Amino acid sequence: MDSAQNHSLPSQIHIVTSSTCSEFTHLLQSLRQSTVVGLDAEWKPRRSSQPNSSPFPSVTLLQVACRFEAQPSDGGPKSEVFLVDLLRVPLGEVYQPLKEMFESESILKLGFRFKQDLVYLSHTFSTQGCEHGFGMVAPFLDIANIYNCLKNHNSAKSSSKDTKSLSTICEELLGISLSKELQCSDWSSRPLSEEQIQYAAADAFYLLEIFSIYQQYILTEGKCGSSVSEIDDDHSNMMQSILSYFGDKIVLKESDKVPKNTKKKVKQRQCINVNGKERAEISTEWQGPAPWDPSIGGDGFPKFLCDVMIEGLAKHLRCVGIDAALPSSKKPDPRELLNQAYKEKRVLLTRDIKLLRYQYLAENQVYKVKSLLKNDQLLEVIETFKLSISEDKLMSRCTKCNGSFIQKPLTIEEAVQASKGFQIIPSCLFDKNLEFWKCTSCHQLYWEGTQYRHAVDKFVSICKLKD
Ligand SMILES: [Zn+2]
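Conventions used here
Residue numbers restart at each chain and count upward from 1, following the sequence in its written direction. With the structure being a predicted model, the display of local features is reserved for residues of pLDDT at least 70 and the display and counting of side-chain atom pairs for 80 or more, all residues being used for whole-chain, interface and lining totals. Should DSSP find at least two bridges between two strands, the strands are regarded as paired. Helix and strand definitions here come from DSSP, where helices need a minimum of 4 consecutive H or I residues and strands a minimum of 2 consecutive E residues; each element is numbered from the N-terminal end. Angles shown run from 0 to 180 degrees and are taken between the N-to-C directions of axes, each axis being a line fitted to C-alpha atoms and, for helices, limited to the stretch in contact. Note on contacts: each residue gets a C-beta atom placed from the backbone, and two residues are in contact if those atoms are within 7 Å. Note on terminology: a nonpolar core is a set of buried residues of type Ala, Val, Leu, Ile, Met, Phe, Trp, Tyr or Cys, with members joined through C-beta atoms within 7 Å. To sort residues by burial, count the other C-beta atoms lying within 10 Å of each one's C-beta; a count of 20 or more means buried, 12 or fewer means exposed, and anything in between means partly exposed. C-beta atoms are built from the backbone. Residue-level confidence of the predictor, termed pLDDT, takes values from 0 up to 100.

K.L.:
Could you clarify how one ought to interpret the sheet that holds strand S4 (residues 78-85) in this entry?
P.N.:
In any sheet, the strands associate via hydrogen bonds between backbone groups, in a parallel or an antiparallel arrangement. Strands sit in the order S1-S4-S3-S2-S5-S6-S7 across an open sheet of seven strands; the sheet is mixed. Two strands bound the open sheet, and with one partner strand each, they are strand S1 (13-16) and strand S7 (248-251). Strand after strand, the sheet turns through a mean of 35 degrees between neighbouring axes, direction not considered. Examined bridge by bridge, strand S5 (residues 108-111) and strand S6 (residues 136-142) share three bridges and lie parallel to one another. Bridged to Gly-111 within S6 is Asp-142. Where helix H3 (residues 115-126) meets the sheet, it contacts strand S2 (36-43), strand S3 (59-68), S5, S6 and S7, and its direction lies at approximately 70 degrees from that of S2.

Shown next, in the form of structure tokens:
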């Protein structure tokens, strides 16, 4: 893997503070000439205790990292990083150029779970007179998908539940560790500190670096999922191929532009700012509705994200057939956790009351589990969210990875074949005529042996299914 030095930030970071400064002209020029743009945004965590507070936080800083293709004789591709200070630049002046870049077919946009950023960005612009804000970013590539592709050597459009945090991805692919401390710093205070400037620039710039590794990978290894021959090493053709195979887009629907929860219960749960200086009461009662609630356009299928402290609860929920994910990274910070919950439309289950303080999310997205033991926690969650659990749903999900099972059971012959070099099936099972089930995500095999019966009995009892 490349050393960290090869991926250092450009020495000059352009801070755009007005529409008359030379940096602004430079930004417009760069947007026109870019082939790839890395995007990120920062905002101030919202405090719902403020009267008439807006439904979404205001984006205060937009980071735009531009890459231009230059001839190898000029030293190869060049990058410029801009921090657009949205508190200072008149939004009307920067709206059209940004919108054009977002929608330009010839500029590939890179982001890391950028939809939430776009929702907030769109809200920020539209509430300041810029028509309807932003409705689309296309073509777009999510760095999380690129990472999955590089790591798994398969489809770039793999499911988001395996997604790592951006800092983990940077560390693995670039050998760079990104500081997370500034994520929740005050992005509305000016001037920005030097650390904030470096942090903000890095978040956008490293998207370009990761994409370069991906381009190299495609050149040398052939592209993910399809035949190598269709990839041309000519740059523009390669970009076309990448876009046609993996290009995605973000489209905001009207429902994305309104907050998920319109219930007037905010008052009970006042926010404490990130520094924890203010004291306010936080309600730990579940307010609802959950993101999956059909009354707010959900699909009716409960989905949870369990904080690392309650991993055991996640496994228990899977055992009773409920979709329960774990954080994408091992030591996620609050914003990562909440982002993941938001993106995947999950309710975050936690024992950490501090997480209830982050009010920049819709409030129906965090629940503090009160019980200490996992059996009690399971029952508490079932009752709080009125989950319907039935015996036929028990053991219907992979406890290892939260994946779902194949549609039809395997025979012993098929199971032995599927387990080769991966899992050992005890030979004592061979003459028992058991059904084998395979996880569609991690390929773990399960069978309905004695352990299975015991587990079913246990959960029938915990969930009081026989009452
Ligand atoms: Zn699995």
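K.L.:
Before we go on, may I ask you to explain the sheet that holds strand S9 (residues 323-325) in this structure?
P.N.:
On the basis of which strands lie adjacent, the open sheet formed by four strands has the order S9-S8-S10-S11 and parallel pairing. One side of each edge strand has no neighbouring strand; the edge strands of this open sheet are S9 and strand S11 (366-368). With strand direction ignored, the average angle separating the axes of adjacent strands in the sheet is 30 degrees. Sheet analysis places strand S8 (residues 303-306) next to strand S10 (residues 347-350), joined by three bridges and oriented parallel. Its bridge partner lying in S10, Phe-304 is registered against Val-347. Along the sheet face, helix H8 (residues 311-319) touches S8, S9 and S10 and points at about 155 degrees away from the line of S8.

K.L.:
Any chance you could explain the nonpolar core here in plain terms?
P.N.:
Counting residues in hydrophobic clusters, the biggest one holds 68 residues, and the most contacted among them are Val-84 and Ile-143. Contacts of Val-84, omitting those with residues within four sequence positions, involve Val-16, Leu-27, Leu-62, Val-64, Val-89 and Val-94. One finds Cys-319, Leu-326, Ile-382 and Leu-394 within the second-largest nonpolar core, a separate group that totals 33 residues.

K.L.:
Looking at this structure, how should I read the confidence of the model for the protein?
P.N.:
Regions with low pLDDT should not have their predicted coordinates read in detail. For the protein, per-residue confidence averages 82 on the pLDDT scale, and 83% of positions sit at 70 or higher. When pLDDT is averaged over each helix and strand of the protein, the minimum, 70, is found for helix H7 (residues 235-246) and the maximum, 97, for S9. Long-range and interchain partners of residues 156-160, a stretch whose pLDDT sits below 50, account for 13 contacts in this model, where long-range means more than four residues apart.

K.L.:
Before we go on, may I ask you to explain the environment of Arg-351 in this structure?
P.N.:
Within the secondary structure, Arg-351 is located in the loop between S10 and S11. It is 9.4 Å that separates the C-alpha atoms of Arg-351 and Val-308, two residues lying 43 residues apart in sequence. Ignoring sequence-local partners within four residues, the contact set of Arg-351 consists of Asp-307, Met-309, Ile-310, Lys-368 and Val-369.

K.L.:
For this particular structure, what's the right way to read the environment of Ala-202?
P.N.:
Structurally, Ala-202 can be placed in helix H6 (residues 194-221). Between the C-alpha atom of Ala-202 and that of Ile-13, which follows or precedes it by 189 residues, the distance is 10.0 Å.

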